[in-house]
Amino acid sequence: MIREELKRGIFTENPIFILVLGLCPSLATSTSLQNALGMGMAATFVLTCSNVIISMIKKVIPDKVRIPCYIVVIATFVTIVQLVLKAYLPDLDKALGIFVPLIVVNCIILARAEAFASKNNISRSFLDGIGIGLGFTASLSILSIIRETLGANKLWGLNFLPGFQPMTIFILAPGGFFTIALVMGIINYMRQKKETGK
Amino acid sequence: MCGRHYTERLKRMFDIIKLTVVLVVVSVVAGLAIGITNKQTITKIELQNKLAEELALKIVFPEGVTIERCEPSGDLPGPYWVGKKENATIGYAIKGIGRGYSSDINFIAGMEPDGRILGLTILSQTETPGLGTRVQEVLSKKYFWNGLFSKKEADFPWFCKQFKGIDVTRDIKIDKTSEWHLKSSEQKKALLDENGISAITGSTISTRAVSSGIKKYAYLYLNAIKQQKNETTQSTGAAEATDTLNQQVTQ
């Protein structure tokens, strides 16, 4: 079960390339590998926690007000994470601090709460959170490696190739769209080929 | 008929009350949770901020300067710091805010009494990652294959570095041709001569936020400090005058 859930989150239901969710924070944070990993980890943590809590309270929440309740749960979690990071882990806060507020508006988390955690038990929701979170982190890393090397001639904040003139557009939002479209196109092409091959 | 209608209305009312109660309970629990964490963490957060502030003050003043904290007077928004070397005031450090693209950019700037910036450091900001956040970007000279596992070089963000020597009493030009760290030393000097800084590519708003924030707060503080000084010199002058008068009287 664990393997299936993780595989589903990373490959068959990859949040960025297959579900096409959370493109706004993806554009913003896939500009460098460091940012991508930071955002990925922070989002994975909040996603897993909010999935578990929403799965726990799903029976008490009436259908009509479920969305406001989910939003309140997610926002509470994000705020608590932010405060704790600021107080006890200032170095991590410096690295992740800018991504934490972005998580509230990350639609992946709300989408998983609505589509998965509100219908499944706690352990499956927990695994779903980790799987989707890892998928998000992996996709962001792929995007950021392409964008950082092409757009800034850097990788992990260090210089990449001597003498290479970077194309700044890849760091900017349009380049983000180009990269997402390119990777998504390759993935869809491979999927189609596999399906027709069978 | 009438009875059924009545029970239906009652049921609907009960539904509405149930929804309201659930929402209220969820919000109250969430509010309590945030309130408790806030209370538990607030002293610790203040301590961390203070530590960061002390570190920042060491950066914005040159070495070997003793730093004194001054409480705000009049309509100043916060404390400022005086840097002294052998009892001579060499500059002031002020804390300010620039309204950036998506956040407040908090900074501490050290400046000479006439308005020349000694140093600038950014305390906190939540600008767009990869764009506005580069106000704090530290550049590396290493290539990734030899630097990935080695220690980070201690360096200072280039964006803040370029503010050294800028005169805040004049207009600060924003140059968009190329980023500061890509310029040659002659270009850097020319830029400084015309009181300019180079913008971060793709985030002119964050760049402008810092430069106009510094101008605004420097104006506020330097004026207030000057005024205070004038008042004290006037009052000491008056005291001296009365002293001489008294002496004359006793003579």
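Thresholds, definitions, all that
Residues numbered from 1 in each chain as written. Chains lettered and ligands numbered in written order. Predicted model: local features only at pLDDT ≥ 70, side-chain atom pairs only at ≥ 80, totals over all residues. Heavy atoms only, no water. Helix = DSSP H or I, 4+ residues; strand = E, 2+ residues; numbered from the N terminus. Buried < 20%, exposed > 50% of the residue type's maximum accessible area, 1.4 Å probe, protein only. Contact = heavy atoms within 4.5 Å. Areas by Shrake-Rupley, 256 points an atom, 1.4 Å probe, with all protein chains shown as cover. Patch = residues over 30% accessible without salt bridge, like charges linked within 9 Å, V, L, I, M, F, W, Y side chains within 5 Å. Salt bridge = Lys/Arg side-chain N within 4 Å of Asp/Glu carboxyl O. Pairing = 2+ DSSP bridges. Buried area = accessible area lost by both parts, 1.4 Å probe. Nonpolar A, V, L, I, M, F, W, Y, C, P; charged D, E, K, R; others polar.

## Some words on the overall build of chain B
Point 1. When you go through chain B residue by residue, the secondary structure sums to 5 helices and 7 strands.
Point 2. Written out in order from the N terminus, the α and β elements of chain B read α-β-β-β-β-β-α-α-β-α-β-α.
Point 3. Burial statistics for chain B: of 251 residues in total, 37% are counted as buried.
Point 4. For chain B, contacts bridging at least 24 residues in sequence account for 52% of all contacts bridging at least 6.
Point 5. Accessible surface, chain B: about 15800 Å² in total, of which carbon and sulfur atoms supply 57%.

## A look at a nonpolar patch on the surface
Point 1. Taken together, the side chains of V84, Y88, L89 and L92 of chain A make up a nonpolar region of the molecular surface, amounting to roughly 340 Å² of accessible area.
Point 2. Residue placement: V84 of chain A occurs in helix α4 (residues 66-88).

## Overview of the pairing of strand β5 (residues 117-124) of chain B
All names here are of chain B.
Point 1. Counting buried positions along β5 yields 6 of 8 residues, so the element is predominantly enclosed.
Point 2. Bridging between strand β4 (residues 104-111) and β5 involves 6 bridges; their strand directions are antiparallel. Pairing of M111 across the sheet is with I117, part of β5.
Point 3. Where β4 folds back onto β5 in an antiparallel hairpin, the turn is made up of 5 residues, including G115, whose phi is positive at roughly 105°.

## Some details on the interface of chain A and chain B
Point 1. Contacts between the two partners involve 38 residues from chain A and, on the opposite side, 38 residues from chain B.
Point 2. In this assembly, chain A packs against chain B so that about 2900 Å² is buried in total across both faces, 75% of it on carbon and sulfur atoms.
Point 3. On the chain A side of the interface with chain B, the three residues burying the most area are I98, L158 and N159 of chain A, jointly 19% of the side's total.
Point 4. Of all the secondary structure elements, the ones that give two or more residues to the side of chain A that touches chain B are α2 (23-29), α3 (33-57), α4, β1 (154-155) and β2 (158-159) of chain A.
Point 5. If one sorts the elements of the side of chain A that touches chain B by residue count, α4 of chain A sits on top with 11 residues.
Point 6. Counted by class, the side of chain A that touches chain B contains 25 nonpolar, 10 polar and 3 charged residues.

That's the geometry; what it means functionally is another story.
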